[in-house]
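# Overview (structure and organization)
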Amino acid sequence: MAAATPPPGAVRPGGRTARVREAVLEAAADTLAEKGFEGLDLGEIARTAGVGKTTLYRRWGTPGALAADLLQDMAERSLPRSRNDDIDQDLRDNARLVLKTLTDPRQGRLFKALIAASLCNEQAAQALRRFYAVRIDEWAGCVTDAIERGELPTGTDPRRVIAAVSAPLYYALLNTGEPLDEAAADRAAAAALAAARAGALSMS
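Residues numbered from 1 in each chain as written. Predicted model: local features only at pLDDT ≥ 70, side-chain atom pairs only at ≥ 80, totals over all residues. Heavy atoms only, no water.

Within an unreviewed UniProt entry, the label attached to the protein reads Transcriptional regulator, and the organism entered is Microbispora siamensis.

What follows deals with helix 6 (residues 105-120). Quick reminder: α-helices carry 3.6 residues per turn. Residues three or four places apart thus point the same way. Here helix 6 spans 24 Å end to end across 16 residues, near enough to the 22 Å set by a 1.5 Å rise per residue. Structurally, helix 6 contributes buried residues whose contacts are with helix 1 (15-35), helix 4 (63-77), helix 5 (87-103), helix 7 (122-149) and helix 8 (158-176). Regarding helix 6, its N-cap is D104, as a side-chain oxygen of that residue lies 3.0 Å from the backbone nitrogen of R106 further along. (Helix = DSSP H or I, 4+ residues; strand = E, 2+ residues; numbered from the N terminus. Expected span 1.5 Å × (residues − 1). Contact = heavy atoms within 4.5 Å. Polar contact = N/O pair within 3.5 Å; in protein donor to acceptor, adjacent residues only side chain to side chain.)

Another aspect to go through is helix 7. Across its 28 residues, helix 7 extends 41 Å between first and last C-alpha, which sits within 8% of the 40 Å expected from 1.5 Å per residue. Taking the largest bend as the criterion, helix 7 deviates by roughly 30°, centred on W139. Of the residues trailing helix 7, G150 is marked for its positive phi of about 85°. (Bend = angle between axes of the 7 residues up to and from the residue.)

Under the present numbering, the feature "domain: HTH tetR-type" (unreviewed entry) in UniProt falls on residues 18-78. Along residues 18-78 the backbone is 79% helical and 0% strand, and the end-to-end C-alpha distance reaches 18 Å. (UniProt positions renumbered as here; feature names shortened; annotations may be inferred.)

Shown next as C-alpha cells:
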C-alpha cells in the first residue's frame, strides 16, 4: 500500500526550510490571536514572516492548511504528561496545564480562533481533532498506570477520563465565561476522578 500524501506543511524538514516554516507559523499564530481566522491572509503572513508569497502559497495553499499545520506544530511541542504515581495529582497537573494554556493572553485567543476556524473550515476541523487526540493519548497513560496500580476500576476508559478533565474548562472559556483559575482546574480534575472511581467513565 502506498504511503498517504501528507497534508501541506506537515513534513518537518531541516535547514532553511525549517526556519521558513517556523517564521510562517509564528506569524500565523500572531495573526490568529489578534484577528481571528478571518484575518488569516496568506499574502500578509508572507510579508510578516519575510518569505516569498509564492513559497507560502506553494507550501500551504490555503488558510485552512496553514491553521492545520500550526495545530500539528502545537501538538508536537506540547509538554509530556506528568508521572506522579498518583492519579489525583496527575489529573490536577493536566487540568492546570490546560488552564495555563487557556488563560495565557496570547494562547487563549489563539485557541478561540482555531476552534472558530474548525467550525467553518474542514482542514482546520480535522487538524483540531488530531491535536486533541494527540494530547489525550499522551495523558491517557496516567489513567492506564492508575488502573494497573489499582487506583481506578478495571475497564475505565483512559481517554474519556482525560477528556472529562478539560471539558469543563473549555466550556467555561467558550460558553459561560466563568472564571478560569486554579480552583476551577482542581474542581475539573476532582470531578473527573470521582466519575472514574464511580465507574461512570468506563469503556462499555
